[in-house]
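What the coordinates show
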Amino acid sequence: MSLPRWMEPLLEAGEMREIDRWAINERTIAVDELMERAGEGLAGVISRRAPAGRVVFVCGKGNNGGDGIVAARVLRQAGRDVEVLLVWPAEWMGSDAQAQLKKLPGAKPVAFEAGRLNKAQVIVDCVLGTGSSGKPRSPADQVISEMEAAKAPVIAADVPSGVDATTGEVEGPAVHCVATAAFHRPKVGLWVRPGKEYAGEVDIVDIGIPRGGPARPDAGLIGSGVLREVPRRGATSTKFSSGNVCIIGGSRGLTGAPAMTALAAMRAGAGYVTVGAPASLELSFTVRLLEAMVVGLPEDGDGHLDASGLEPVLKAVVRADAVVLGPGLSKNPQSQALARAVAPRIDVPLVVDADGLNALAGQLEEILAGRRWPTVLTPHAGELGRLLEVDSAEVERSRLRHVREAAAISKAFVVLKGDDTLVAAPSGRVAISRGRAPGLATAGTGDVLSGVIGAMLAKGMPVAQGACAGVYAHLRAGQIAAAPHGPDGVIASDVIASLPAALSA
Ligand SMILES: NC(=O)C1=CN([C@@H]2O[C@H](COP(=O)(O)OP(=O)(O)OC[C@H]3O[C@@H](n4cnc5c(N)ncnc54)[C@H](OP(=O)(O)O)[C@@H]3O)[C@@H](O)[C@H]2O)[C@@H](O)CC1
Ligand SMILES: Nc1ncnc2c1ncn2[C@@H]1O[C@H](COP(=O)(O)OP(=O)(O)O)[C@@H](O)[C@H]1O
Ligand SMILES: [K+]
């Protein structure tokens, strides 16, 4: 199935190779034509981003190196001071790249020498592209480390060397670039951490590959168009048709979390919101949430939900169109047992967040796989690590692999949060947030996200669309909240207040 319109496709290395082969074999576009356009585009990116001073190209032996040689020719012909350094002997280069070497006017390329990077105004990384596999090997590894250590900014051809174009994983040395000229379409690894941190700005270069290629990408960026899919209130709307969300959570010391989830759900358009929380804490919600309903649930007398509360919880959610389970729930064993008992019994779309996720650790499949309605899990890397029983550092090293694994095991949609929030479907499809809202790096913004997604699902959006609309609106709200004074003073309540503007733009 092709991607929805609101997703901008991203390619894996293998898909890009397939498209290249199709363009060359089926559309009879010559390799040197593609390389010419890639090199010209790369030269354009360099001219825009580094308009003066010496340009030092560092070229490998594959076609990525060939693209660099073309760009070097274009810039020399335009009068720029250009030096070309080769990582492997010229005669080891592929035939297409060797053909380009013959056309290079001016000084001949020389063997790579780290000292030559000192005179560069800008370095162009053409060592490894989509043909690379595994950790960089000698001599590329040393060269990559030298580029990384150099003072001058680096621009990458297609992919920063050392970054896996398909996964964004970085196993060995890699180069932090200010920008990457992505040929035809950006590769997935440019948008998934840690690769995203190496790519810098992504500039797309059209290399003349026609539409209709063979690849059916399974990953893409979440575009603004997803907000057009959000149902809006109209003349015939009622508070119930606008979406009825019930939030189950809260504990002594953690009353802010469900309150923010509730406010976020309301600001994202839900017409009717209920908070089910420990009975002794009811008053704190009643005074804070004027527009929400509050249901006091059985507790242990110390402000923690009790496992005996299953039936009252099911009663509280009976009219809900979507349920958010977990904000502020706490790690109390009784409350965790309650979450495990509740999750399989909710017969509407369910969002599980925070300590609700911790209750599922290691039991994803047993608890969720039998659910008849869609489930969305919203972990950060630490929570996903606990769910899968792996270290959070391991999740951060291979974010795509782990988010897909969790979605496959749980048959749920998994939203792995971060600057590169990844939304994985059980089928393996992944939608990726562009990020760039550092104001969101503050306590409580996760509770806001679960409320926004809850509202989208309560409005009846298909689950993947609803989760992505939630992620996108939350990101925009984070950017809007930071607009007046920068990201540092943003608090989660500002993000909630910015949701209507984010959703109406
Ligand atoms: N195809 C096309 O039509 C077009 C492609 N285009 C461009 O080509 C790029 C893909 O080119 P590509 O496939 O030639 O591979 P590329 O990334 O240059 O390098 C692979 C070379 O590195 C080596 N190598 C591999 N792994 C390694 C490692 N871990 N550590 C060390 N070395 C390693 C490997 O050698 P081997 O190890 O196999 O001996 C091989 O020689 C693509 O990103 C785009 O820029 C555009 O021009 C448009 C048209
Ligand atoms: N540097 C960042 N850039 C963009 N978004 C971020 C950044 N840091 C955190 N976020 C977002 O902020 C939210 C934080 O959620 P979470 O870690 O659960 O916090 P909390 O539990 O305090 O609410 C997530 O949606 C995450 O994607
Ligand atoms: K490169």
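Residues numbered from 1 in each chain as written. Chains lettered and ligands numbered in written order. Predicted model: local features only at pLDDT ≥ 70, side-chain atom pairs only at ≥ 80, totals over all residues. Heavy atoms only, no water.

The name given to the protein in an unreviewed UniProt entry is Bifunctional NAD(P)H-hydrate repair enzyme, with Solirubrobacter ginsenosidimutans as the source organism. Annotation of the protein in UniProt includes, under Subunit (unreviewed entry), the sentence "Homotetramer." (UniProt positions renumbered as here; feature names shortened; annotations may be inferred.)

1. Thoughts on the overall build of the protein
For the protein, the helix and strand inventory stands at 18 helices and 18 strands. Principal-axis analysis of the C-alpha atoms gives the protein an extent of 80 × 45 × 45 Å. A burial count over the protein gives 58% of its 505 residues as buried. About 20,100 Å² of surface is accessible on the protein, with carbon and sulfur atoms providing 51% of the total. (Helix = DSSP H or I, 4+ residues; strand = E, 2+ residues; numbered from the N terminus. Buried < 20%, exposed > 50% of the residue type's maximum accessible area, 1.4 Å probe, protein only. Areas by Shrake-Rupley, 256 points an atom, 1.4 Å probe, with all protein chains shown as cover.)

2. With respect to the pairing of strand S11 (residues 272-278)
Among the seven residues of S11, six are classified as buried, and the element is accordingly described as predominantly covered. Relative to S11, strand S10 (residues 244-248) is paired through five bridges, and the arrangement is parallel. Of the residues in S11, the one forming a bridge with Cys 246 is Thr 274. Taken together, S10, helix H7 (residues 256-267) and S11 constitute a β-α-β crossover, and its handedness is right-handed. One ladder, built from five bridges, connects S11 with strand S12 (residues 293-297); its direction is parallel. Looking at the pairing, Gly 276 lines up with Val 295 of S12. For the crossover from S11 across helix H8 (residues 282-288) to S12, the handedness is right-handed. (Pairing = 2+ DSSP bridges. Right-handed = clockwise from strand over helix to strand, strands pointing away.)

3. Observations concerning the site of ligand 2
Around ligand 2, 16 residues are found, and the nearest of them are Lys 417, Gly 418, Gly 444, Thr 445 and Gly 446. Side-chain polar atom of Lys 417 to an oxygen atom of ligand 2: 2.6 Å apart, as the coordinates give it. For ligand 2, whose free accessible area comes to 580 Å², the fraction covered by protein is 76%. Counting residues per element, the shell around ligand 2 draws most heavily on helix H16 (residues 445-458), which supplies four residues. Class assignment of the residues belonging to the shell around ligand 2 gives a composition of six nonpolar, seven polar and three charged. (Near = heavy atom within 4 Å. Polar contact = N/O pair within 3.5 Å; in protein donor to acceptor, adjacent residues only side chain to side chain. Nonpolar A, V, L, I, M, F, W, Y, C, P; charged D, E, K, R; others polar.)

4. Looking at the sheet that holds strand S14 (residues 350-352)
As summarised here, the arrangement of the eleven strands in space is S1-S9-S18-S17-S16-S15-S14-S13-S10-S11-S12, forming an open sheet in which the pairing is mixed. Each end of this open sheet is capped by a strand with a single partner; those strands are strand S1 (7-10) and S12. Neighbour-to-neighbour, the strand axes of the sheet open up by a mean angle of 20 degrees, direction not taken into account. In this sheet, strand S16 (residues 413-416) lies alongside strand S15 (residues 375-377) in parallel orientation, the contact comprising two bridges. (Axes fitted to C-alpha atoms, helices over the stretch in contact; angles between N-to-C directions.)

5. Brief notes about the packing of H7 against helix H18 (residues 492-504)
H18 packs onto H7 with a crossing angle of 15 degrees between their chain directions and a minimal axis gap of 9 Å. Our classification of the angle between H7 and H18 gives roughly parallel. Like other packed secondary-structure pairs, H7 and H18 cross with a definite hand, here right-handed. Where H7 approaches H18, its residues Met 260, Leu 263, Ala 264 and Arg 267 are matched on the opposing element by Ala 492, Ile 496, Leu 499, Pro 500 and Leu 503. Among the residues forming the contact of H7 with H18, the class breakdown is eight nonpolar, no polar and one charged. (Parallel < 35°, antiparallel > 145°, perpendicular 65-115°, else oblique. Left-handed = near helix turned anticlockwise from the far one by under 90°. Contact = heavy atoms within 4.5 Å.)

6. Considering the coordination of the potassium ion (ligand 3)
Looking at the metal site, the potassium ion (ligand 3) is ligated by Asn 64 (OD1), Asp 125 (O), Leu 128 (O), Ala 157 (O) and Val 159 (O), spaced 2.6 to 3.0 Å from it. Binding-site remark: the potassium ion (ligand 3) is held by donors from one chain whose sequence spacing is N-x60-D-x2-L-x28-A-x1-V. Taken together, the positions of Leu 128 in the loop between strand S5 (122-126) and helix H5 (140-149) and Ala 157 in strand S6 (residues 154-157) put the pair 29 residues apart, joining distant regions of the chain. (Donors = N, O, S within 2.8 Å, 3.2 Å for Na, K, Ca; no water.)

7. Focus: the domain arrangement of the protein
Here the protein is partitioned into domain 1 (7-217) and domain 2 (224-504). Just the C-alpha atoms count here: the centres of domain 1 and domain 2 sit 41 Å apart. If you look at the interface, domain 1 gives 15 residues, while domain 2 gives 18 residues. Overall, the association of domain 1 and domain 2 removes approximately 1,300 Å² of surface from exposure, summing both partners, and the carbon and sulfur fraction of that is 50%. Per-residue buried area on domain 1 facing domain 2 is highest for Trp 191, Arg 193 and Lys 196; these three make up 44% of the total on that side. Linking domain 1 with domain 2 are four salt bridges, by the criterion used here. At the boundary of domain 1 with domain 2, the tally comes to six residue pairs in polar contact (both at pLDDT 80 or more). If you tally residues by element for the side of domain 1 that touches domain 2, the top one is S1, at three residues. Across the side of domain 1 that touches domain 2, the residue classes tally to six nonpolar, three polar and six charged. (Domains from an automatic or database assignment. Buried area = accessible area lost by both parts, 1.4 Å probe. Salt bridge = Lys/Arg side-chain N within 4 Å of Asp/Glu carboxyl O.)

8. Topic: the environment of Val 175
Looking at the secondary structure, you find Val 175 in the loop between S6 and strand S7 (179-183). Residue classification places Val 175 among the buried residues on the basis of a relative accessible area of 0%. For the pair Val 175 and Val 154, spaced 21 residues apart in sequence, the C-alpha to C-alpha distance is 7.7 Å. With sequence-adjacent residues up to four places away left out, Val 175 is seen in contact with Asp 125, Ile 144, Met 147, Glu 148, Val 154, Pro 160, Ser 161 and Tyr 198.

9. Digging into the packing of aromatic side chains
Applying the stated criterion across every chain yields a total of one aromatic pair. In this structure, Lys 61 is placed above the aromatic ring of Trp 88, and the distance from its NZ or CZ to the ring centre is 5.1 Å. The ring of Phe 240 carries the charged tip of Arg 319 above its face, separated from the ring centre by 4.6 Å. (Phe/Tyr/Trp six-rings, centres within 6.5 Å; stacked < 30°, edge-to-face > 60°. Lys NZ or Arg CZ within 6 Å of the ring centre and 35° of its normal.)

10. Observations concerning the UniProt feature "binding site: AMP" (unreviewed entry) in the protein
UniProt annotation of "binding site: AMP" (unreviewed entry) refers to Lys 417, Gly 418, Asp 419, Asp 420, Thr 421 and Gly 446 when read in the numbering used here. In sequence the annotated residues extend across 30 residues, while in space they remain close, none of their C-alpha pairs exceeding 14.1 Å. Taking the annotated residues in turn, Lys 417, Gly 418, Asp 419, Thr 421 and Gly 446 line the second largest pocket. By the secondary structure assignment, Gly 418 is in the loop between S16 and strand S17 (422-424). (1 Å grid on protein atoms, 1.4 Å probe; cavity = no way out; pocket = protein on both sides within 12 Å on 5 of 7 lines; lining within 4 Å.)

11. Structural notes on the site of ligand 1
The environment of ligand 1 is formed by 24 residues, the closest being Lys 61, Asp 67, Gly 129, Arg 137 and Asp 158. Gly 134 is positioned such that a nitrogen or oxygen atom in its backbone is 3.5 Å from a nitrogen atom of ligand 1. Within the backbone of Lys 135, an N or O atom sits 3.0 Å from a nitrogen atom of ligand 1. For ligand 1, whose free accessible area comes to 940 Å², the fraction covered by protein is 80%. Here ligand 1 occupies the largest pocket. Of all the secondary-structure elements, those providing two or more residues to the shell around ligand 1 are helix H1 (13-25), helix H2 (31-49) and helix H3 (63-77). Among the elements that take part in the shell around ligand 1, H3 stands out by supplying three residues, more than any other. (Sits in = over half its atoms within 2 Å of the grid points.)

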